[in-house]
Amino acid sequence: MNRMPWSDYFMNITYMVSERSTCLRRHVGAIAVKGKRILATGYNGVPRDVSHCLETGCLRAKLGIPSGQRHEICRGIHAEQNVIIQAATHGTSLDGADLYCTTMPCVQCSKMLINCGIRHIFYAEFYPDDLAQEMLGEAGVICEQVKFTPFAPPADEDKR
């Protein structure tokens, strides 16, 4: 029996986490991993106790703000930020951890990930942010785009 490689396992979970997103533009998921253990998960969406964009509509779309600009004009929090918040809420250090993310982090998230001590970022979808790439490289954070194919169990898998 061939087992799924760890990187595929974690990236599949990351995409599953992204399914919780309430963003109308892009679903992003992220997980922090250390020693093959998941430390925290996050997806992009609004803070707790705030109406979701699914209910209110997308503020950025209403104002005609293009992707990659004016990140502060958004009701949502990025997936990577939610990973950091979840870890902090539960008293879990991310120092030395890896991050699996559906999309390459933006510069705001990259700065936070650098300060948390994330050492390696695996991402599936590229996001064009030159400053993020520059700062991550300068800080020694390895960024690696991975080819990702979602898991689909074989049809004859029922061999319990």
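Residues numbered from 1 in each chain as written. Predicted model: local features only at pLDDT ≥ 70, side-chain atom pairs only at ≥ 80, totals over all residues. Heavy atoms only, no water.

Caption draft 1: Molecular detail of the sheet that holds strand β4 (residues 120-125). Taking strand neighbours across the sheet as the criterion, the 5 strands line up as β2-β1-β3-β4-β5 in an open arrangement whose pairing is mixed. Edge strands, defined here as strands with exactly one partner in the open sheet, are β2 (37-43) and β5 (142-145). On average, each strand axis in the sheet is tilted by 20° relative to the strand beside it, whichever way the strands run. Across 4 bridges, the pairing between strand β1 (residues 29-34) and strand β3 (residues 98-103) is antiparallel. Across the sheet, A32 pairs through a bridge with L99, a residue of β3. (Pairing = 2+ DSSP bridges. Helix = DSSP H or I, 4+ residues; strand = E, 2+ residues; numbered from the N terminus. Axes fitted to C-alpha atoms, helices over the stretch in contact; angles between N-to-C directions.)

Caption draft 2: Geometry of the nonpolar core. A30, V83, L94, L99, L113, I118 and I121 are the most contacted members of the largest nonpolar core, which totals 22 residues. Of all the secondary structure elements, the ones that give two or more residues to this core are β1, α4 (79-89), β3, α5 (107-116) and β4. The element best represented in this core is α4, accounting for 4 residues. A30 has contacts with T14, V17, A40, T41, G42, A79, E80, V83, L99, Y100 and C101, leaving out every residue within four places of it along the chain. Residues V17, I31, A124 and V146 belong to the second largest nonpolar core, which totals 10 residues. (Core = buried A, V, L, I, M, F, W, Y, C linked by side-chain atoms within 4.5 Å. Buried < 20%, exposed > 50% of the residue type's maximum accessible area, 1.4 Å probe, protein only. Contact = heavy atoms within 4.5 Å.)

Caption draft 3: Inspection of the packing of α4 against α5 at higher detail. The contact between α4 and α5 brings their axes to 9 Å, and the two run at 30°. Taken together, α4 and α5 sit at an angle that is classed as roughly parallel. At the point where α4 passes α5, the crossing takes the left-handed sense. Contact residues: E80, Q81 and I84 in α4; Q108, C109, M112, L113 and C116 in α5. (Parallel < 35°, antiparallel > 145°, perpendicular 65-115°, else oblique. Left-handed = near helix turned anticlockwise from the far one by under 90°.)

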